[in-house]
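Observations on the three-dimensional arrangement
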Amino acid sequence: MKLEAIAHVRTCYGEKFGVPRQSGIVDEAWGELIFTPEFRDPDALRGLEDFSHLWLVFLFHQAIRTDWKPTVRPPRLGGNKRVGVFASRSPFRPNPIGLSVVRLESIDTTHPEGPMIKLRGVDLVDGTPIIDIKPYIPYADALPEAAAGFAPHAPEKLSVHWINNADQGLSDTSRAVIEATIAIDPRPAYQDDASRTYGCLIDGYNIQWKVRDKQIHILSCQG
Ligand code: SAM
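Residues numbered from 1 in each chain as written. Predicted model: local features only at pLDDT ≥ 70, side-chain atom pairs only at ≥ 80, totals over all residues. Heavy atoms only, no water.

1. Topic: the overall build of the chain
Rules: By the criteria applied, helices consist of DSSP H or I runs no shorter than four residues and strands consist of E runs no shorter than two, each listed in order from the N terminus. Relative accessibility under 20% of the residue-type maximum defines a buried residue, over 50% an exposed one, and the middle range a partly exposed one, all with a 1.4 Å probe and only protein chains included. With residues, only the protein chains shown are counted as cover, and all accessible areas are computed by Shrake-Rupley using a 1.4 Å probe. When charges are counted, neither His nor the chain ends are considered; positive counts come from Lys and Arg and negative counts from Asp and Glu. Taken as the charge centre is NZ of Lys, CZ of Arg, CG of Asp or CD of Glu, depending on the residue.
In terms of helices and strands, the chain carries 2 helices and 12 strands. Moving toward the C terminus, one meets the helices and strands of the chain in the order β-β-β-β-β-β-β-β-α-β-α-β-β-β. Seen through its C-alpha atoms, the chain measures out along the principal axes to roughly 55 × 45 × 35 Å. For the chain, the residues scored as buried account for 39% of the 223 residues in total. Carbon and sulfur atoms make up 51% of the accessible area of the chain, which totals about 12800 Å². Where the 25 positive side-chain charges of the chain centre and where its 28 negative ones centre are 9 Å apart.

Now the structure itself:
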């Protein structure tokens, strides 16, 4: 059996580093789902507009390897403790398939590239191929009493400070997605070096920042 990408997403994340580690943590994180030409059929989306959230089944296309390892080191555990790959949400798995719940913001049926679905809360790098879409059904999919292993709660949010007016000229939406993304501290958990400068691409901007005493200082933001 051959799986085909039914769509790709354009997202605010230009590279893997900085992408939230789960969907829904950064609601400002936008995505636009563009269908592959042969799947640009509005009938395939009939009724989808009545759901507020979607499951996306996707390919971790930037984590494809020919070999696989039975254990991984989740960033949540400090990056030095191993768990089984099937006890993790790591992109590095025998079949590099991911699963995310995202918010359906709108469906644009007049878009020149066929029906375009606007999404929020993505944890996907720009260009991620989508294998399937399904509606999120709360009565079946939401299990608040479930045991959550080594990931019992969402990451802590740090305070974000823009240094030397680094946010000058930014739109409110770019500022919001950058702040909300950096606030959840994308650094590997084992790194806590106040002198180190980190960088990533968000919403078309190259962001450079440092972290000291649980405070984030954004040093520059180049468009
Ligand atoms: N919610 C999904 C899941 O549970 O299957 C993804 C979780 S995974 C821990 C999220 C991370 O995957 C992101 O922080 C980013 O580093 C990485 N990622 C996102 N899109 C990717 C892609 N297309 N290829 C490889 N890695 C990707």
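There is more to say, and it comes next.
2. Re the site of the ligand
Note the following rule: If a single non-hydrogen atom of a residue is within 4 Å of a molecule or strand, that residue counts as near it. The term polar contact refers here to a pair of N or O atoms within 3.5 Å; inside protein, the definition further demands a hydrogen-donor-capable atom paired with an acceptor-capable atom, and it admits residues adjacent in sequence only when both atoms are side-chain atoms. Classes in brief: Ala, Val, Leu, Ile, Met, Phe, Trp, Tyr, Cys and Pro nonpolar; Asp, Glu, Lys and Arg charged; the others, Gly included, polar.
Neighbouring residues of the ligand: 20 residues in total, closest Gln22, His61, Arg89, Asp123 and Thr128. Taking Gln22, its side chain carries an N or O atom lying 2.9 Å from a nitrogen atom of the ligand. Contacts to the ligand include Ser100, whose side-chain N or O atom sits 3.0 Å from a nitrogen atom. Computed on the free molecule, the ligand has an accessible area of 600 Å², of which 91% lies beneath the protein chains in the complex. Mapped by element, the contributors of at least two residues to the shell around the ligand are β3 (53-59) and β6 (97-108). Sorting elements by how many residues they give to the shell around the ligand places β6 first, with 3 residues. Among the residues forming the shell around the ligand, the class breakdown is 10 nonpolar, 6 polar and 4 charged.

3. What to know about a positive patch on the surface
The condition that has to hold: Each patch is built from residues that are more than 30% exposed by relative accessible area and take part in no salt bridge. Like charges join if they lie within 9 Å; nonpolar side chains (Val, Leu, Ile, Met, Phe, Trp, Tyr) join within 5 Å. When a carboxyl oxygen of Asp or Glu lies within 4 Å of a side-chain nitrogen of Lys or Arg, that pair is called a salt bridge.
Residues Lys16, Arg65, Lys69, Arg73 and Arg82 make up a contiguous surface patch of positive charge. Relative accessible area serves as the criterion here: at 42%, Lys16 is assigned to the partly exposed category.

4. What about the nonpolar core?
How we decide: Residues enter a nonpolar core if they are buried and are Ala, Val, Leu, Ile, Met, Phe, Trp, Tyr or Cys, with the set joined through side-chain atoms within 4.5 Å. Domain start and stop points were drawn from an automatic or database domain assignment. Contacts are assigned to residue pairs with any non-hydrogen atoms lying within 4.5 Å of each other.
Among the nonpolar cores identified, the biggest contains 47 residues, and Leu33, Ile117, Ile130 and Ile178 are the most heavily contacted of them. The element that contributes the greatest number of residues to this core is helix α2 (residues 172-183), accounting for 5 residues. Of the domains in this structure, domain 1 (7-141) and domain 2 (159-222) are the two that each give at least three residues to this core. In contact with Ile117, not counting residues within four places along its chain, are Gly31, Glu32, Leu33, Phe35, Leu45, Leu48, Leu54, Leu104, Ser106, Ile107 and Ile133.

5. A look at α2
Along an α-helix, residues three or four positions apart point the same way, because every turn accommodates 3.6 residues. Operational definition: One less than the number of residues in a helix, times 1.5 Å, gives the span that helix is expected to have.
End to end, α2 covers 16 Å across 12 residues, agreeing with the expected 16 Å (1.5 Å per residue, within 8%). For α2, the complete set of buried residues consists of Ser174, Val177, Ile178, Ala180, Thr181, Ile182 and Ala183.

6. Overview of the sheet that holds strand β10 (residues 198-202)
Heads up, the rule is: For two strands to be treated as a pair, DSSP must find at least two bridges joining them. Each axis is a line fitted through C-alpha atoms, taken for helices only over the stretch in contact, and angles between the N-to-C directions span 0 to 180 degrees.
Strands sit in the order β9-β12-β11-β10 across an open sheet of 4 strands; the sheet is mixed. Strands with a single pairing partner mark the edges of an open sheet, and in this sheet they are β9 (159-162) and β10. Between one strand axis and the next, the sheet turns by 35 degrees as a mean value, whatever way the strands run. In the sheet, β10 pairs with strand β11 (residues 205-212) via 5 bridges, with the strands oriented antiparallel. Each residue of the ladder has a partner; that of Cys200, found in β11, is Ile207.

7. Let's talk about the pairing of β3
Consecutive side chains along a regular strand alternate between the two faces of the sheet. Both β3 and β6 contribute to a ladder of 7 bridges, which runs antiparallel. Within the sheet, the bridge partner assigned to Leu54 lies in β6 and is Val102. As paired elements, β3 and strand β8 (residues 129-135) share 5 bridges and run antiparallel to each other. For Trp55, the partnering residue across the bridge sits in β8 and is Lys134.

8. Here we look at the packing of aromatic side chains
So the rule is basically this: Between 30 and 60 degrees the pair is tilted, below 30 it is stacked and above 60 it is edge-to-face, where a pair is any two Phe, Tyr or Trp rings, Trp via its six-membered ring, whose centres lie within 6.5 Å.
Across all of its chains, the model carries 5 aromatic pairs by this definition. The interplanar angle of 40 degrees and the centroid separation of 6.4 Å between the aromatic rings of Phe17 and Tyr198 together place this pair among those described as tilted. Of this pair, Phe17 sits in the loop between β1 (7-11) and β2 (30-35) while Tyr198 sits in strand β10; the two residues are 181 residues apart in sequence, bridging distant segments of the chain. By relative accessible area, Tyr198 is classed as buried at 4%. Among the aromatic residues, those joined into a cluster by ring pairs are Phe17, Tyr198 and Trp209.

Note that all results are geometric; they support no functional claim without further evidence.
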